[in-house]
Amino acid sequence: MRLLLVEDEKRMAQALCEILRLEKYEVDHFDNGLNGLAAIESGIYDIAILDVMLPDMNGFEIAKQARIKGIVTPILMLTAKSELDDKVIGLDSGADDYLTKPFMTKELLARLRALGRRTLGKADGILSFGDITLDINTLTLTCITNSQSVRLSEKEYHILEYLIANSGQILTREQLAMKIWGFDSDSEYNNVEVYMSFTRKKLAFVEAKTEIKAVRGIGYEMRFENV
Ligand code: CA
């Protein structure tokens, strides 16, 4: 899962990034509202965590603008104030949840898991497509017809997760690079090809019929043909 964090307090942001990365989230951090808004509007994030008080535009405004542009990314607002009014404004602005500072790490992680499940539409931590399942917690790929399984690297896992979430659509190399390597990624697009080939080898290893098809000149698509 790729998270967007918009938080201007350096120490807070650093601490959050560390905690979230330990929990296997990919995190991109921005310290101001304008960059944060541009980032959420890219649509590549699974969850956005927005601080309310930012130097330029506030978190509510970011949420509002993003929703106007049709961005459905779940938003968790961080507010330093506990006033009910703030919470009400937060939810009106298109935020899905809020957390009052200071908060417990456990609480934050629980909220994120809940929002993440909403994104994936899955409550049990298992994603499935065709004849494969992915376990979100153990990063395990399993072929359901023969019960063979293999552990995925984080990148391989994110590639499959993203393809499954967008099954029926072709994802471009640019979209994959942004999603897997980040908004500010300067990684070469051939990274995508290299990791695609690793991921395909894992699918072949468990003898899955689900395949990642390359669509020449466009990108990749997940397919399952049960023949
Ligand atoms: Ca702040």
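All of these numbers come straight from a predicted model, not from anything done at the bench.

Rules of the game
- Residues numbered from 1 in each chain as written.
- Predicted model: local features only at pLDDT ≥ 70, side-chain atom pairs only at ≥ 80, totals over all residues.
- Heavy atoms only, no water.
- Helix = DSSP H or I, 4+ residues; strand = E, 2+ residues; numbered from the N terminus.
- Buried < 20%, exposed > 50% of the residue type's maximum accessible area, 1.4 Å probe, protein only.
- Contact = heavy atoms within 4.5 Å.
- Pairing = 2+ DSSP bridges.
- Axes fitted to C-alpha atoms, helices over the stretch in contact; angles between N-to-C directions.
- Expected span 1.5 Å × (residues − 1).
- Arc of directions from axis to C-beta.
- Donors = N, O, S within 2.8 Å, 3.2 Å for Na, K, Ca; no water.
- Polar contact = N/O pair within 3.5 Å; in protein donor to acceptor, adjacent residues only side chain to side chain.
- Salt bridge = Lys/Arg side-chain N within 4 Å of Asp/Glu carboxyl O.
- Parallel < 35°, antiparallel > 145°, perpendicular 65-115°, else oblique.
- Nonpolar A, V, L, I, M, F, W, Y, C, P; charged D, E, K, R; others polar.
- Core = buried A, V, L, I, M, F, W, Y, C linked by side-chain atoms within 4.5 Å.

(A) A look at the overall build of the protein chain. Of the regular secondary structure elements, the protein chain holds eight helices and twelve strands. Across the 227 residues that make up the protein chain, the buried fraction comes to 47%. Restricting to contacts in the protein chain with at least 6 residues of sequence separation, those with at least 24 account for 57%.

(B) Inspection of the sheet that holds strand 5 (residues 97–100) at higher detail. Strand order in the open sheet formed by five strands is 2-1-3-4-5, with parallel pairing between adjacent strands. Each of the sheet's edge strands pairs with one partner strand only, and the pair in question is strand 2 (26–30) and strand 5. For this sheet, the mean angle separating the axes of adjacent strands, direction not counted, is 20°. Strand direction decides the pairing type here: strand 1 (residues 2–6) and strand 2, joined by five bridges, are parallel. From the neighbouring strand, L5 faces strand 2, where its bridge partner is H29. Here helix 1 (residues 10–22) sits on the sheet and contacts strand 1, strand 2, strand 3 (47–51) and strand 4 (75–79); the angle it forms with strand 2, its principal contact strand, is near 170°. Here helix 3 (residues 59–68) sits on the sheet in contact with strand 1, strand 3 and strand 4, set at roughly 165° to strand 4.

(C) Structural view of helix 8 (residues 190–205). Between its first and last C-alpha, helix 8 extends 23 Å over 16 residues, near the 22 Å set by a 1.5 Å rise per residue. V192, M196, T199, K202 and L203 are the residues of helix 8 that are buried. Around the axis of helix 8, the buried residues are gathered within 120° of arc, so they sit on the same side. In helix 8, the exposed residues that point more than 90 degrees away from the buried face are K201, A204 and F205. Just beyond helix 8, the residue with positive phi is E207, at close to 60°.

(D) Region of the structure containing the coordination of the calcium ion. For the calcium ion, the full set of protein donor atoms is D8 (OD), E9 (OE), D51 (OD) and M53 (O), and the range of their distances to it is 2.1 to 3.0 Å. The partly exposed category is assigned to M53, whose relative accessible area is 48%.

(E) Looking closely at the side chain of D46. Relative to the elements of secondary structure, D46 occurs in the loop between helix 2 (33–41) and strand 3. At a separation of 2.6 Å, a polar atom in the side chain of D46 contacts the main-chain amide nitrogen of R2. Here the side chain of D46 touches K179 through a polar contact of 3.0 Å, side chain to side chain.

(F) Geometry of the pattern of salt bridges. Tallied over the full model, the rule gives 15 salt bridges. The shortest N-O distance in the salt bridge between K101 and E9 comes to 3.3 Å. In this pair, K101 is assigned in the loop between strand 5 and helix 5 (105–120) and E9 in the loop between strand 1 and helix 1, connecting sequence segments 92 residues apart. Through salt bridges with shared partners, a single network forms among R2, E26, D28 and K155.

(G) Spotlight on helix 7 (residues 173–181). If you check which residues of helix 7 are buried, you get L176, A177, K179, I180 and W181. Tucked into the core, helix 7 has its buried residues touching strand 1, strand 2, helix 6 (154–165), strand 10 (171–172), helix 8 and strand 12 (219–224). At the exit of helix 7 stands G182, carrying a positive phi of roughly 110°.

(H) How the structure looks around the packing of helix 6 against helix 8. Here helix 6 crosses helix 8 at 80°, and the two axes come no closer than 9 Å. On the basis of the axis angle, helix 6 is roughly perpendicular to helix 8. Mapping the contact onto sequence places K155, E156, I159, L160 and L163 in helix 6 and Y195, M196, F198, T199, K202 and L203 in helix 8. Grouping the amino acids of the contact of helix 6 with helix 8 by side-chain chemistry returns seven nonpolar, one polar and three charged.

(I) Seen up close, the nonpolar core. The biggest cluster of nonpolar side chains holds 28 residues, and the ones touching the most others in it are L134, L141, L160, L163, M196, I212 and M222. Listed by contribution, the elements that provide at least two residues to this core are strand 6 (126–129), strand 7 (132–135), strand 8 (140–143), helix 6, helix 7, helix 8 and strand 12. For this core, the element with the most residues is helix 6, which contributes six residues. With sequence-adjacent residues up to four places away left out, L160 is seen in contact with L134, L141, L152, T199, L203, I212 and M222. Grouped together as the second largest cluster of nonpolar side chains are 21 residues, F60, A63, A66 and I75 included.

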